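# Commentary on secondary and tertiary structure
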Amino acid sequence: MFQATNAFLGHWRGGVAMSAVGACAGFGAICGSSLATAATMGQVALPELRRYQYSPALATGALAAGGTLGILIPPSVVLVIYAVLAEQNVAAMFMAALLPGLLAMAGYMVAIAIYVRVVPGSGPAAPRMSWPERWKTVRQVWPIVAVFVTVIGGIYGGIFTPTEAAAIGTMATGALAVITRELTWKGLTQAAFDTASATAMIFLILLGADLLNAFFALSQMPTAVAQWVLTAGLSPMLVLLAIIVIYLVLGCVMDSLSMILLTIPIFLPIVMGMDYWGLNPTDKAIWFGVLALMVVEIGLITPPVGMNLFIINSLARDVPMKETYRGTVPFIVSDLLRTAVLVLVPGLSLWLVHLLN
């Protein structure tokens, strides 16, 4: 993916960093985790960014931000969890996130283009590749396209459920790894251990969230809070702005999955009880889910506990953390602008859902 995007974008100023973002979006289409996307693409792209003498801030910042596309480009683990909590169709949630995810990728590329012009020399251009070389790299990404079409196409074609799609996606990538002779016994064992570790972590979070939700159900706190907000006479946009600010603050100290599990039982009833652009209940739940996901995504690259920042910094130990913090600023600005657009234009996330229905 990185070689293919770099073949078309690398000769621009900042093009190698743009290629890393594009590759993150492509990898996110077959991986529902931002942390895995950041870790994988960091190992792939960071050496090339160093080779072309990109500034440490831009190199690490672009990779940390690009990694967040892992939970925005469907399929997404966090979107599945939200769909379960909000009792919404998983396939509809995936489609709702697709356009905002592509907009996020485009916004990051624009942020890089502006950054390299404001800070000259931070993102030199790589040599231009010939068209035969470009098409050669494009032909090499067919496995990713095949897996994405199989998983997402199967869900929307009604061939299998999202849970079954996860198993089929695993089998497809495993088969490709065997065919290309990239999968060794050692690699298979490591994959099994990593899967067990990640699953255990998620289940512990789910267990804690389930206990908290049981407390909420017994105390009726979410209902009481929602009723208080609804009777306080606050404008819907002011309430939504307050929710967004709370998510931004929580993102500085919590991971994305924990935030969704702990806050949706409180915030969703409040949003559902207010009028936003005349949306019906289903559209409102889908729109708010994508909006919450986008804001949670910002938390992955905000200090002091942005998880993606630590992952990328662990791959670039010679880069001071403050440089990585500084490199994420343009991307955070892009995220905030995109969030404002989605708040004001709900159709951005709902258009594809209505088209396919």
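Residues numbered from 1 in each chain as written. Predicted model: local features only at pLDDT ≥ 70, side-chain atom pairs only at ≥ 80, totals over all residues. Heavy atoms only, no water.

### Description of a nonpolar patch on the surface
Side chains of Leu103, Met237, Trp277, Val341, Leu344 and Val345 sit close together on the surface and give an oily, nonpolar patch of about 530 Å² of accessible area. With respect to the helices, strands and loops of the structure, Leu103 is situated in helix α6 (residues 90–118). (Patch = residues over 30% accessible without salt bridge, like charges linked within 9 Å, V, L, I, M, F, W, Y side chains within 5 Å. Areas by Shrake-Rupley, 256 points an atom, 1.4 Å probe, with all protein chains shown as cover. Salt bridge = Lys/Arg side-chain N within 4 Å of Asp/Glu carboxyl O. Helix = DSSP H or I, 4+ residues; strand = E, 2+ residues; numbered from the N terminus.)

### Quick word on the packing of helix α5 (residues 77–86) against α6
Viewed as axis vectors pointing N to C, α5 and α6 meet at an angle of 130 degrees, and their least axial separation amounts to 9 Å. Compared by their axis directions, α5 and α6 come out oblique. Judged by the sense of rotation from one axis to the other, the crossing of α5 with α6 is right-handed. Facing α5, whose interface residues are Leu79, Val80, Tyr82 and Ala83, α6 presents Val90, Met93, Phe94 and Ala97. In the contact of α5 with α6, the residues fall into eight nonpolar, no polar and no charged. (Axes fitted to C-alpha atoms, helices over the stretch in contact; angles between N-to-C directions. Parallel < 35°, antiparallel > 145°, perpendicular 65-115°, else oblique. Left-handed = near helix turned anticlockwise from the far one by under 90°. Contact = heavy atoms within 4.5 Å. Nonpolar A, V, L, I, M, F, W, Y, C, P; charged D, E, K, R; others polar.)

### Remarks on the pattern of salt bridges
Summed over all chains, the structure comprises five salt bridges. A salt bridge links Arg50 to Asp318; the shortest N-O distance between them is 2.8 Å. Residue Arg50 is located in helix α3 (residues 34–51), and its partner Asp318 is located in the loop between α15 (307–315) and α16 (321–344); the two are separated by 268 residues in the primary sequence. For Arg50, a relative accessible area of 38% translates into the label partly exposed. In this structure, Arg338 and Asp335 form a salt bridge, with 2.0 Å as the shortest nitrogen-oxygen distance. Residue Arg338 and its partner Asp335 are located together in helix α16, separated by three residues, close to a single helical turn. With a relative accessible area of 4%, Arg338 lands in the buried category. Several salt bridges converge on common partners, so that one network encompasses Glu297, Asp335 and Arg338. (Buried < 20%, exposed > 50% of the residue type's maximum accessible area, 1.4 Å probe, protein only.)

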